[in-house]
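# Understanding the architecture of this molecule
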Amino acid sequence: MDYTNQRTFDHDDDGVVVVIGSGAGGGTLANGLAQQGIKVVLLEAGGLHTRTDFHTDEWRAYEQLSWLDPRTTSGSWRVAQDFPNLPAWICKTVGGSTTHWSACSLRIQPHEFEARTRYGDLEGATLLDWPIGYDDLAPYYDRAEKRLNVTRTNDIPGLPGNNNFKVMYSGAQKLGYECNTGHMAINSREMDSRGHCQQRGFCFQGCRSGAKWSTLNTEIPEALATGNCEMRTRAHVAEITHDASGKVTGVSYFDGNGEMQHQKARVVAVAGNSIETPRLLLNSASTQFPDGLANGSGHVGKHYMRHMTGSVYAAFEQPVHMYRGTVMAGIIPDEARHDDGRGFAGGYEMETIALGLPLAAAFLNPGGWGRDFTRMIDQYDHLAAMWLVGEDMPRDTNRVTLNHDVRDQHGLPVANVHYDDHDNDIAMRNHAYQQGSDVYRAAGAVDIYEVPPYPSTHNLGTCRMSEKPEDGVCNGFGQTHEVSNLFISDGSQFTTSAAENPTLTIIAMAMRQAEHIGERMKARAI
Amino acid sequence: MTHPSLSRRVFLEASGGTLVGTLAFANGAIAMLAPSTSWAVTTEQFDDHQARTLLIFTRHLLPHDTLEDAVYALVVKDLDRQAADPQVRQQLTNGIATLDRQAGGEWLALNEDDRQAQVEAISGSPFFKTVHGSAIVALYNNPLAFAHFGYGGGVDDSGYLHRGFSDITWLPEPPIAASGTIPVDSTPA
């Protein structure tokens, strides 16, 4: 892979599109624009770590790839107690969190785009229908699945199931659940010059074989190869600048030496993940935008969603060795439907998960000690596990705000992430724990452990798209309602969280947005 | 700030200690890995008594009856590294002194139940949290622990595809339609 810039742009070049962030949204958008001949400056806060740099030591990998700049938390969610300075486990590296993702590639279900209409008015929730529907995204889902070589689409065979999958499958069958090795953006065969999965078991630590799709090993080198895209690494954007007409003019960023730089731009697209994106807009407040850029509606940072999550770990008499092979090796989709007969709106997926011994010790029972804790670790090689991931309710009190009392290494106020579970989230989690436990009991489990949520990897909704400007931050193309040449290009756009892992949708939306920006630029509308 | 090694030379000349032991489980997974049954870990910031106290305290925090002291000694080693910071050193040595004071002599001389009661009494204290924070990482992130708990960790880049990723035989084999086949171009390493 070649990560050399074929071309560089002058800081005063006001014809470029600046894309902030090189993950699922930003990396895909940058390539989508560059392929159209549009000049792109891609700014990534992290450094370049290519696949041969990746580690199998889980802590070392965590330190290499994670966003570890300070953040704070508040609210009654358990993460705030267990990991007060780590609300989210997301990445600061070229490729963003696509280096870390499990590669589970699911489409949002049609009814989930109409959550407010379908679920009704839930007290304490700020549900809203998306301004786009399933049909708007369907062609881009098609393209994204082809692009990512998603298994079980386009005649691409499924991945062979590992032991963790076999346990899930056995229990699922007894309960009458459907279960297979899922729709994964991991090559089950050699394709696109990327090899097939070696079942190494380190999807979360960066895929050394390159079988797992990431913007690091596809979109970014392709964008650079066009000669239309320049990537600048260790470029931490501090502020988006604008002129008196309210159009954005560029971005100020700290370069790798901590020097402030300014890059002019015709269009700015923000894809910093759903914590950094609103933080940047809030940190870009000015006299013209006193509450933050594009925040006239007051929705920037609000409706933070992180999915209803939890895990079930189960010990068996016989060894399982869950760490061998793909992390999300099997999925049960049956509970992803909306059926309020279960006592909650929306649904959830059950997906296998596996942690190595080091991370299992940290995450299975955070803060735990004594024999209750060590009993589970003693069973480590006999454990199977699943992650429960479902739709959580948007709330205007669940939000990302600036914490002016805590500053990062550049002196910028850090993000505070506040979250309280909605009753619907709690009811769903309890149901999911029950069903997950039943799956493992049916497979013969001798012990069952309900494991609390890990720091969030699915951060969503903090600049949500809305039909009406007063209900959100951006429109159905991610264009902010207030600033025509400012786009939101990551999961912050999600109006509701849906049950599915969000990455495929972020990619499909970025492909659609790239086309839209290209058309609008050609028409000189932006 | 004074360079830690310099301050140690000047002020802590008499400090430093050694933990020594013999593997307790001659047929255990760790013994298979170890070049010898005797082991020794040296500390720079703690004397023998302090190091031993931290080791036994960690055994109370994270009790694995058949896990060798040699692995717990790695936690002491990690704490020793952290204690190069004088504040951490003070917190830990004070914590040890408090345990001894409350034991009316040496905490280590108490029987196991009495030691456990004291650990429970200080759970959540800064001393407890420092030891726990170190232990939860250092105890489980080393090849000896991997061998003991049956974690294969990272093999080479050929992965587990031909090293037992789907070797369970105690459950029925799922149908190919739900799973998938091994890639045909792939050969065992």
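Residues numbered from 1 in each chain as written. Chains lettered and ligands numbered in written order. Predicted model: local features only at pLDDT ≥ 70, side-chain atom pairs only at ≥ 80, totals over all residues.

Take the overall build of chain B next. When helices and strands are tallied, chain B shows eight helices and two strands. In chain B, the succession of helices and strands from N to C terminus is α-β-α-β-α-α-α-α-α-α. Counting across all 189 residues of chain B, residues that qualify as buried make up 35%. (Helix = DSSP H or I, 4+ residues; strand = E, 2+ residues; numbered from the N terminus. Buried ≥ 20, exposed ≤ 12 C-beta atoms within 10 Å, placed from the backbone.)

With 48 residues of chain A at the interface, the matching set in chain B holds 39 residues. Mapped onto the side of chain A that touches chain B, the elements with two or more residues apiece are α6 (163-175), α9 (357-363) and α10 (370-378) of chain A. The dominant element in the side of chain A that touches chain B, judged by the number of residues it contributes, is α6(A), at six residues. Taken together, the residues of the side of chain A that touches chain B break down into 20 nonpolar, 19 polar and nine charged. (Contact = placed C-beta atoms within 7 Å. Nonpolar A, V, L, I, M, F, W, Y, C, P; charged D, E, K, R; others polar.)

Moving on, we get to the sheet that holds strand β14 (residues 413-418) of chain A. All names here are of chain A. One open sheet accounts for three strands, arranged β3-β14-β13; its pairing is mixed. On the outer flanks of this sheet lie β3 (72-74) and β13 (399-407), each paired with one strand and no other. Averaged over neighbouring strand pairs, the angle between their axes works out to 35° when direction is ignored. As paired elements, β3 and β14 share three bridges and run parallel to each other. Looking across to β14, one finds that Ser-74 is bridged to His-418. Contacts from helix α8 (residues 273-283) reach β13 and β14 within the one sheet, and its direction differs from that of β13 by about 65°. (Pairing = 2+ DSSP bridges. Axes fitted to C-alpha atoms, helices over the stretch in contact; angles between N-to-C directions.)

Residue and element names in this part refer to chain A. Counted at 1.5 Å a residue, the expected span for helix α5 (residues 134-148) with its 15 residues is 21 Å, and the 19 Å between its end C-alpha atoms agrees. Among all positions in α5, only Leu-137, Tyr-140, Tyr-141, Ala-144, Glu-145 and Leu-148 are buried. Buried positions along α5 lie against α12 (503-522). (Expected span 1.5 Å × (residues − 1).)

A separate point is the sheet that holds strand β10 (residues 331-332) of chain A. Residue and element names in this part refer to chain A. Spatial ordering of the open sheet is given by β10-β11-β12-β9-β15, a layout of five strands whose pairing is antiparallel. Looking along the sheet, the strands with just one partner apiece sit at the ends: β10 and β15 (447-451). As paired elements, strand β9 (residues 308-315) and strand β12 (residues 383-390) share eight bridges and run antiparallel to each other. Bridged to Ser-311 within β12 is Trp-387. Lying on the sheet, α6 is in contact with β10, β11 (348-352) and β12; it crosses β12 at an angle near 70°. Strands β9, β11, β12 and β15 of the sheet are contacted by helix α11 (residues 423-442), whose axis makes an angle of about 20° with β9.

Residue and element names in this part refer to chain A. Between α5 and α12, whose axes approach to 8 Å, the crossing angle comes to 110°. When the axes of α5 and α12 are compared, the pair comes out roughly perpendicular. Contacts between α5 and α12 involve Leu-137, Tyr-140, Tyr-141, Arg-143 and Ala-144 on the former and, on the latter, Leu-504, Ile-507, Ala-508, Met-509, Met-511 and Arg-512. A class-by-class count of the residues in the contact of α5 with α12 yields nine nonpolar, no polar and two charged. (Parallel < 35°, antiparallel > 145°, perpendicular 65-115°, else oblique.)

Our next topic: the nonpolar core. The biggest cluster of nonpolar side chains holds 184 residues, and the ones touching the most others in it are A:Val17, A:Val40 and B:Leu139. Looking at which element gives the most residues to this core, the answer is α12(A), with nine residues. If near-sequence neighbours (up to four positions away) are discounted, B:Leu139 is found in contact with B:Leu62, B:Val71, B:Tyr72, B:Leu74, B:Val75 and B:Ala145. In terms of nonpolar packing, the next biggest core, distinct from the first, is built from 22 residues, A:Ala61, A:Leu65, A:Val79 and A:Val414 among them. (Core = buried A, V, L, I, M, F, W, Y, C linked by C-beta atoms within 7 Å.)

So, about α12(A). The end-to-end C-alpha separation of α12(A) is 28 Å, in line with the 28 Å expected for 20 residues at 1.5 Å each. Phi for A:Arg524, located one or two positions after α12(A), is positive at around 60°.

Turning next to the packing of helix α3 (residues 48-61) of chain B against helix α4 (residues 69-82) of chain B. Helix-helix packing: each pair is described by the crossing angle between the helix axes and the interaxial distance. Residue and element names in this part refer to chain B. Put simply, α3 and α4 touch, their axes get as near as 9 Å, and they point 115° apart. Helix-helix and strand crossings are classified by hand; for α3 and α4 the assignment is right-handed. Only Asp-69, Tyr-72, Ala-73, Val-75, Val-76 and Leu-79 of α4 make contact with α3, whose side of the interface consists of Ala-51, Leu-54, Leu-55, Thr-58 and Arg-59. Residue composition of the contact of α3 with α4, by class: eight nonpolar, one polar and two charged. (Left-handed = near helix turned anticlockwise from the far one by under 90°.)

We now examine the environment of A:Gly341. Structurally, A:Gly341 can be placed in the loop between β10 and β11. For the pair A:Gly341 and A:Asn459, spaced 118 residues apart in sequence, the C-alpha separation works out to 28 Å.

All names here are of chain A. Tracing the backbone shows Phe-83 in the loop between α3 (78-82) and α4 (115-119). A count of 21 C-beta atoms within 10 Å places Phe-83 in the buried class. Sequence separation between Phe-83 and Phe-363 is 280 residues; the distance between their C-alpha atoms is 9.9 Å. For Phe-83, the contacting residues outside a window of four places in its chain are Pro-366 and Pro-455.

Residue and element names in this part refer to chain A. Mapped onto the fold, Val-446 is located in the loop between α11 and β15. For the pair Val-446 and Leu-504, spaced 58 residues apart in sequence, the C-alpha separation works out to 36 Å. Setting aside residues no more than four positions away along its own chain, Val-446 makes contact with Ala-315, Phe-316 and Glu-317.

Caution applies to low-pLDDT regions: their predicted coordinates should not be interpreted in detail. Residue and element names in this part refer to chain B. Taken over all residues, the pLDDT of chain B has a mean of 90, while the share at 70 or more is 90%. Taking the mean pLDDT of every element in chain B, the minimum, 44, falls on helix α1 (residues 4-11) and the maximum, 98, on α3. Predicted confidence is poor over residues 1-14, with pLDDT under 50, and the contacts of this stretch with residues over four places away or in other chains come to three contacts. Among the prediction metrics, the complex's ipTM stands at 0.94, with pTM recorded as 0.96. (pLDDT = per-residue confidence, 0-100.)

All names here are of chain A. The phi dihedral of Arg-152 falls on the positive side, at around 65°, and the residue is not glycine. Assignment of secondary structure puts Arg-152 in the loop between α5 and α6. Positive phi, normally seen in glycine, also occurs at His-321, with a value near 55°. Within the element layout of this structure, His-321 appears in the loop between β9 and β10.

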